[in-house]
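Observations on the model geometry
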Amino acid sequence: MRRISIFGSTGSIGQSTVDLLLREGGPETFRTVALTGGRNVALLASQARALRAEIAVIADDSLLGALKEALAGTGIAAAAGRNAILEAAQRPCDWTMSAIVGAAGLVPGFLALSHGTTLALANKESLVTAGPLLLAEARAHGARILPVDSEHSAIFQALQGEEMEAVQSITITASGGAFRDWPIEKLAQATVEQASTHPNWAMGQRITIDSASMFNKALELIETHEFFGIDPDRIEVLVHPESLVHALVAFRDGGVIAHMGAPDMRHAIGYALNWPERRDLPVAPLDLARAGSLTFRVPDPQRYPALGLARDVMRIGGLAGAAFNAAKEAALDAFIEGRIRFTQMAEVVDDVLNRLSRDPALGKVPADLDMVLQMDAEARKVADDVIARQFGG
Ligand code: NAD
Ligand code: MG
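Residues numbered from 1 in each chain as written. Chains lettered and ligands numbered in written order. Predicted model: local features only at pLDDT ≥ 70, side-chain atom pairs only at ≥ 80, totals over all residues.

Under the annotation held in an unreviewed UniProt entry, the protein carries the name 1-deoxy-D-xylulose 5-phosphate reductoisomerase and is attributed to Albidovulum inexpectatum. Check the Catalytic activity (unreviewed entry) section of the UniProt entry for the protein; it says "2-C-methyl-D-erythritol 4-phosphate + NADP(+) = 1-deoxy-D-xylulose 5-phosphate + NADPH + H(+)". According to its UniProt record, the protein has this under Function (unreviewed entry): "Catalyzes the NADPH-dependent rearrangement and reduction of 1-deoxy-D-xylulose-5-phosphate (DXP) to 2-C-methyl-D-erythritol 4-phosphate (MEP)." (UniProt positions renumbered as here; feature names shortened; annotations may be inferred.)

Here you go:
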């Protein structure tokens, strides 16, 4: 039986993953090693029961008692805290879903690679902050990384049987997020609630707000560069409001392979689960006649300054991705907490990168994860300072 673990099982990607596993027979088909969640004890316990997991881990230390109580009599081990998550990541298994949100997902996925797992990588922050280290770790242990971000799964699928040398360019699409049709002057007034609704995809709150600001697409530009090893100037973004074409790979011979499908993450998760096979998945068939037309436009750099920042980050290289992601996470926290405006998130990240550009460490290629975590901590500190001093937040 295939041994599986899910990091972040209580989130949007995690729940879809559990749903697919249960549809494929659950504990009759898979041996579930570890499930982890942040704070939702009831959901984590019910998932652990349904999949008969060996261990369930809740990130919040104070919830250990509640988790133990919820799992009493099941024989499922309960643990809590950051170290328990890292310990769970070191339990050998064959397929691991990395679906914790943010930089917190980096180390668990990294540790899972050390026992040669196939890592289904939803946590794009891992590649943005530590791409070369992650790929080297996978190589060193004969582990495989399969992208789960829809655009990157799409690119990966379009590249099956192809050589990277034959690729001319890669285009990832963006829905344009919650405010794509808002007048640009109104963006400064956008509320957290308005930013937390997505026109096409159902996702966690943080990535939904990142879609409205295009910080999500900014991360995905860097993710494409890191994972597929393609030059930044050969990666494009197109706004595609229908969200039916997820990515396009253009080849040197003039052919272009586009990946299409309904906007449902269970496709990309299921593809990574069944790869290299394709199996039935509960995804609505694509109905192009109903869609009628597909539209594309170049993103407006004024509306979406995050994309320009991602280009700067790729130019600098080294630890700039870690700094960028950490500053973005701090700015997003500040926006959610009402300390800064929607449009100030990009200003904060820009200021942090400017301040850190004086630090010679920024462009250095990290030798190990500690260097990445140090830059992450440093950028959060600078971001908090910028938010307090420049924006009064
Ligand atoms: P989510 O917020 O719905 O879930 C995040 C999960 O991580 C939850 O289980 C939460 O409890 C856990 N978590 C949060 N903070 C934690 C911490 N500090 N330590 C341990 N666990 C913690 O997020 P999501 O939308 O499922 O996204 C998960 C990841 O997948 C993100 O990196 C996101 O960018 C990526 N992704 C998501 C989608 C999507 O459709 N939701 C699509 C593409 C990529
Ligand atoms: Mg995506």
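**Quick look at the overall build of the protein**
A count of helical and extended segments in the protein gives 16 helices and 11 strands. Taken against the 2.2 N^0.38 rule, which gives 21 Å for 393 residues, the C-alpha radius of gyration of the protein at 20 Å falls within 12% of a compact globule. Every one of the 393 residues in the protein was classed for burial, and the buried ones make up 48%. (Helix = DSSP H or I, 4+ residues; strand = E, 2+ residues; numbered from the N terminus. Rg over C-alpha atoms; globule rule 2.2 N^0.38 Å. Buried ≥ 20, exposed ≤ 12 C-beta atoms within 10 Å, placed from the backbone.)

**A short note on the domain arrangement of the protein**
What the domain assignment reports for the protein is domain 1 (2-147), domain 2 (153-291) and domain 3 (317-391). The distance between the C-alpha centroids of domain 2 and domain 3 comes to 25 Å. With 12 residues of domain 2 at the interface, the matching set in domain 3 holds 11 residues. Going through the elements one at a time, helix 8 (192-195), helix 9 (205-213) and helix 10 (215-228) are the ones with two or more residues in the side of domain 2 that touches domain 3. At 4 residues, helix 9 tops the list of elements feeding residues into the side of domain 2 that touches domain 3. (Domains from an automatic or database assignment. Contact = placed C-beta atoms within 7 Å.)

**Some details on the UniProt feature "domain: 1-deoxy-D-xylulose 5-phosphate reductoisomerase N-terminal" (unreviewed entry) in the protein**
According to UniProt, the "domain: 1-deoxy-D-xylulose 5-phosphate reductoisomerase N-terminal" (unreviewed entry) feature falls on residues 4-131. Annotation note: span residues 4-131, helix share 42%, strand share 22%, distance between end C-alpha atoms 23 Å.

**Regarding the sheet that holds strand 7 (residues 144-147)**
Pairing within the open sheet is parallel, and its 7 strands lie in the order 4-3-2-1-5-6-7. Every interior strand has two partners, whereas the edge strands, strand 4 (77-80) and strand 7, have only one. Taken pair by pair, the neighbouring strands of this sheet meet at an average axis angle of 15°, ignoring direction. Where strand 2 (residues 30-37) and strand 3 (residues 55-58) come together, 4 bridges link them in parallel fashion. Looking across to strand 3, one finds that Gly37 is bridged to Ile58. (Pairing = 2+ DSSP bridges. Axes fitted to C-alpha atoms, helices over the stretch in contact; angles between N-to-C directions.)

**Observations concerning the environment of Ser98**
Inspection of the secondary structure assignment puts Ser98 in strand 5 (residues 95-98). Exposure remark for Ser98: the 29 C-beta atoms within 10 Å place this residue in the buried category. Linking Ser98 and Ile6, residues 92 residues apart in sequence, is a C-alpha distance of 6.5 Å. If sequence neighbours within four positions are ignored, Ser98 has contacts with Phe7, Gly105, Pro108, Gly109, Leu119, Ala120, Leu121, Ala122, Asn123 and Ser126.

**A word on the nonpolar core**
Counting 124 residues, the largest nonpolar core has Ala56, Leu67, Ala323, Ala327, Ala331 and Val352 as the members making the most contacts within it. With 11 residues, the single largest contributor to this core is helix 14 (residues 320-336). Leaving out residues up to four positions away in the same chain, Ala56 has contacts with Leu35, Leu44, Ala45, Ala48, Leu67, Leu71, Ile76 and Ala78. (Core = buried A, V, L, I, M, F, W, Y, C linked by C-beta atoms within 7 Å.)

**As for the environment of Leu135**
Tracing the backbone shows Leu135 in helix 6 (residues 124-140). Each C-alpha atom, one on Leu135 and one on Leu21, is 27 Å from the other, the two residues being 114 residues apart in sequence.

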